[in-house]
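What follows is the residue order along each chain.
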Amino acid sequence: MELYILIAALLGWLAYTLYCAALLLGKGGGPAGGKVCVYMGNQDDVAEWFIWSIYRSDGVLAGRLDLAVAVECSGDDTGRIVRILSGEKEFSFYEGGDLSMVCPLVLDVRGMDKKALQVPLKYIMSC
C-alpha cells in the first residue's frame, strides 16, 4: 500500500514539474527571453530602490527578463550606486552610450523621482 502512495506522489510531482516547465516555456522563459534596459541619471536618492524593485518583479525572478542600466554622466552618485549594485546583482552596466542596439525594450527614467518611477516600474512588473 505504501508503495502505491509513493508512486502516486512521484507521478504527481513529475506532472507538476512538467506543467511548470511548459508554462515557463510558453511565456518565453529562460535567460534569453528578454532584456529591459534603463537609462538613469541624477537619481542617487532613488537608484537603489528602483533597481531592487525591478529585481522583485516576476519577470526577473522567473528568469524571463534581464536588466541592463546605462547611467549618463551626472553630478551626483547615481553611477557609483548603480555600479555597486551591478556587481551584487550581476546585471549589465553602461556609462552612457546607446542601449537601443542592445535591448528591444528601453526605458528612459532619467531625472524621475520615486512617484514618477511608479509608471515604468508597473510596466516592467507586467513583462
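Use the structure listed above.
Residues numbered from 1 in each chain as written. Predicted model: local features only at pLDDT ≥ 70, side-chain atom pairs only at ≥ 80, totals over all residues. Heavy atoms only, no water.

> Teacher, can you tell me more about the nonpolar core here?
If you look at soluble globular proteins, the nonpolar side chains tend to sit buried side by side. Grouped together as the largest cluster of nonpolar side chains are 24 residues, with contacts concentrated most on Met 40, Phe 50, Ile 51 and Leu 67. Sorting the residues of this core by element identifies β1 (35-40), α2 (47-55), β2 (66-71), α4 (78-89), β4 (105-108) and α5 (118-126) as the ones contributing at least two each. If you tally residues by element for this core, the top one is α2, at 5 residues. Contact partners of Met 40, with chain neighbours within four places excluded, come to Ala 47, Phe 50, Ile 51, Val 69, Ala 70, Val 71, Glu 72, Thr 78, Val 82, Val 109 and Arg 110. In this structure, Ala 68, Ala 70, Leu 99 and Cys 103 belong to the second largest nonpolar core, which totals 6 residues. (Core = buried A, V, L, I, M, F, W, Y, C linked by side-chain atoms within 4.5 Å. Buried < 20%, exposed > 50% of the residue type's maximum accessible area, 1.4 Å probe, protein only. Helix = DSSP H or I, 4+ residues; strand = E, 2+ residues; numbered from the N terminus. Contact = heavy atoms within 4.5 Å.)

> Please explain the packing of α2 against α5 as it appears in this structure.
Helix packing geometry: the angle between the two helix axes and the distance between the axes. It is at 10 Å that the axes of α2 and α5 come closest, and there the two elements cross at 20°. Looking at the two axes, α2 sits roughly parallel to α5. Like other packed secondary-structure pairs, α2 and α5 cross with a definite hand, here right-handed. Across the interface between the two elements, Trp 49, Phe 50, Ser 53 and Ile 54 from α2 touch Gln 118, Leu 121, Ile 124 and Met 125 from α5. (Axes fitted to C-alpha atoms, helices over the stretch in contact; angles between N-to-C directions. Parallel < 35°, antiparallel > 145°, perpendicular 65-115°, else oblique. Left-handed = near helix turned anticlockwise from the far one by under 90°.)

> Please explain the pattern of salt bridges as it appears in this structure.
Opposite charge on two side chains permits pairing when their charged atoms draw close. Counted according to the given criterion, the structure contains 4 salt bridges. Between Glu 95 and Arg 83 there is a salt bridge, and its shortest N-O distance comes to 2.3 Å. Of this pair, Glu 95 sits in strand β3 (residues 92-95) while Arg 83 sits in helix α4, and the two are 12 residues apart along the sequence. By relative accessible area, Glu 95 is classed as exposed at 55%. Arg 83 gets classed as partly exposed once you look at its relative accessible area, which sits at 41%. Across the pair Arg 110 and Asp 108 runs a salt bridge, and its minimum N-O distance is 2.5 Å. Residue Arg 110 is classed as partly exposed on the basis of its relative accessible area of 35%. A residue is classified by how much of its surface remains accessible, and Asp 108, at 41% relative accessible area, is partly exposed. Ionic contacts of the salt-bridge type, sharing partners, join the residues Glu 72, Asp 108 and Arg 110 into one network. (Salt bridge = Lys/Arg side-chain N within 4 Å of Asp/Glu carboxyl O.)

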